[in-house]
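What follows is the residue order along each chain.
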Amino acid sequence: MKLLYQSHSPYARKVLVFAHEARLADRIEVVHHETSPVQRNEEVFALNPLGKVPVLICDDQTVLFDSNVICEYLDGLHDGRKLIPSMPSARFRALRNQAIATGLADAGIAVRWETERRPEAMRWTPLLEGYLQKIIASCDYLEANISDENSVDIGDIALATALSWIEFRNVYAFQRTRPRLSGWYNRFCLRASMSATTLCGDTIDQSPLTHHASGVPCAVAGG
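Throughout what follows, the structure given in this document is the object of discussion. The structure displayed is predicted, hence computed values, not measured ones. (Residues numbered from 1 in each chain as written. Predicted model: local features only at pLDDT ≥ 70, side-chain atom pairs only at ≥ 80, totals over all residues. Heavy atoms only, no water.)

Considerations on the overall build of the chain
Applied cut-off: Per the convention used, a helix needs a DSSP run of H or I reaching at least four residues, while a strand needs a run of E reaching at least two, with both numbered from the N terminus. We take the radius of gyration over the C-alpha atoms and set the globule estimate at 2.2 Å times the residue count to the 0.38 power. Under the scheme applied here, a residue whose accessible area is under 20% of the maximum for its type counts as buried, over 50% as exposed, and between as partly exposed, the area being computed with a 1.4 Å probe on protein chains only. A contact between two residues is defined here by any heavy atoms of the two lying within 4.5 Å.
Secondary structure assignment for the chain yields eight helices and five strands. For the chain, the N- to C-terminal ordering of α and β elements is β-α-β-α-β-β-α-α-α-α-α-α-β. Here the C-alpha atoms of the chain give a radius of gyration of 17 Å, agreeing with the 17 Å that 2.2 N^0.38 yields for 223 residues. With the C-alpha coordinates of the chain rotated into their principal frame, the extents come out at 55 × 45 × 30 Å. Here the chain holds 223 residues, and 48% of them are scored as buried. Looking at the chain alone, contacts between residues at least 24 apart form 71% of all its contacts between residues at least 6 apart.

What follows is the structure, encoded as structure tokens:
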């Protein structure tokens, strides 16, 4: 399988962490692609009409995109404990956490547009504050509701990778006043799957470059 990846994408990292947790990472070739809403990456658009990574090219050449879809596909490829639970109570708790994580990442990216990426004259402070409030409220919710269970599921993976991006980009200091969330997050970051998929790179809203690597291409990453 081939995974079109970006080393500074929370969604792409989620897929790769999932692959490590499912013991499938050695079956996946990781190919780094720079993508940006303001620069068209033709190779990515040829596979995904949304022009975004992650994109998974399966062994039978089926192309899948969106981290949720790719993770569900990967969960069907291994014989270990499923990371997307089947029991309704556990399943919908995990999917709820995945939804929170997606919202966190979406809001965090929007915050970056209003603080760094958009030309300064075009930034809108009320919109920035609105997205920050979503992040704050989500972190407060997680502080009150995060589970201390040791088992790992798709919700845990999604939350940890989204929070890691929030921290990586200095979007919001969620650890300062949330000891339960902070403790859970720091414990999760000790997992081998997180150590193997470190976020790195600066934003590049210019002509995309493509790099090939067998793992996470931090040395050549940008964006």
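Regarding the nonpolar core
General note: in soluble globular proteins, nonpolar side chains tend to be found buried as a group. Operational definition: As used here, the term nonpolar core means buried Ala, Val, Leu, Ile, Met, Phe, Trp, Tyr and Cys residues forming a set that is joined through side-chain atoms within 4.5 Å.
In this structure, Phe18, Leu74, Leu104, Ile135, Leu163 and Trp184 are the most contacted members of the largest nonpolar core, which totals 52 residues. It is helix α6 (residues 154-168) that provides the largest number of residues to this core, a total of nine residues. Those residues in contact with Ile135 that sit more than four places away from it in its chain are Leu104, Ala107, Gly108, Val111, Ile166, Val171 and Tyr172. In terms of nonpolar packing, the next biggest core, distinct from the first, is built from five residues, Leu4, Val44, Val53 and Ile57 among them.

A short note on the layout of surface pockets
The condition is simple: Cavity: a set of points on a 1 Å grid over the protein atoms alone where a 1.4 Å probe fits but cannot get out. Pocket: an open set with protein on both sides within 12 Å along at least five of seven lines, its lining residues, like those of a cavity, having an atom within 4 Å of a point. Grid points are joined across faces, edges and corners, and a volume is the space filled by probe spheres set on the points. All amino acids are sorted into three groups, where Ala, Val, Leu, Ile, Met, Phe, Trp, Tyr, Cys and Pro are nonpolar, Asp, Glu, Lys and Arg are charged, and the leftover types, Gly among them, are polar.
Considered as a void within the structure, the largest pocket measures approximately 790 Å³ in volume. In terms of lining, the largest pocket is formed by 34 residues, of which the most central are Tyr11, Thr35, Lys52, Val53 and Ile109. Within the residue set of the lining of the largest pocket, elements represented by two or more residues are α1 (10-21), α3 (67-75) and α4 (88-117). Of the residues forming the lining of the largest pocket, the biggest block, six residues, is contributed by α4. Classifying every residue of the lining of the largest pocket by side-chain character gives 13 nonpolar, 13 polar and eight charged. In this model, the second largest pocket occupies a volume close to 200 Å³. Along its surface, the second largest pocket is lined by 14 residues, and Arg93, Glu149, Ser151, Asp153 and Asp156 are the ones closest to its centre. When residues in the lining of the second largest pocket are grouped by element, the largest group, three residues, is from α4.

A short note on empty space enclosed by the protein
Under the counting rule described, the total for this entry stands at one cavity of 30 Å³ or more. Taken together, Pro10, Tyr11, Lys14, Ala101, Thr102, Ala105, Ala158, Thr161 and Ala162 form the lining of the largest cavity. At the level of secondary structure, the elements contributing two or more residues to the lining of the largest cavity comprise α1, α4 and α6. Classifying every residue of the lining of the largest cavity by side-chain character gives six nonpolar, two polar and one charged.

Quick notes on the side chain of Thr35
Note the cut-off: Under the rule applied, a polar contact is a pair of N or O atoms within 3.5 Å (in protein, one hydrogen donor and one hydrogen acceptor; residues adjacent in sequence only if both atoms are side-chain atoms).
Structurally, the position occupied by Thr35 is in the loop between β2 (29-33) and α2 (42-45). Within the local environment of Thr35, its side chain forms a polar contact with the side chain of Gln6, the two groups lying 2.7 Å apart. Leaving out residues up to four positions away in the same chain, Thr35 has contacts with Gln6, Asn41, Val44, Gly51 and Val53.

Re helix α5 (residues 125-145)
Our working definition: Expected span of a helix: the number of residues minus one, times 1.5 Å. By definition, the arc is the one covered by directions from the helix axis to the C-beta atoms.
A rise of 1.5 Å per residue sets the reference length of α5, with its 21 residues, at 30 Å; its end C-alpha atoms lie 30 Å apart and thus fit the reference within 8%. Every buried residue of α5 is accounted for by Leu128, Leu132, Ile135, Ser138, Cys139, Leu142 and Glu143. The buried residues of α5 occupy one face: seen down the axis, they fall within an arc of 145 degrees. Looking at the buried side of α5, the elements it contacts are α4, α6 and α7 (179-188).

Some details on unusual backbone geometry
The residue after Val53, namely Pro54, is reached through a cis peptide bond having omega 10 degrees. Mapped onto the elements, Pro54 comes out in the loop between α2 and β3 (55-57). Backbone geometry places Gln61, a non-glycine residue, at a positive phi of 75 degrees. Within the fold, Gln61 resides in the loop between β3 and β4 (63-65). Its identity is not glycine, yet Asn170 carries a phi of approximately 55 degrees, on the positive side. In this fold, Asn170 is placed in the loop between α6 and α7.

Any link to function would need more than the numbers given here.
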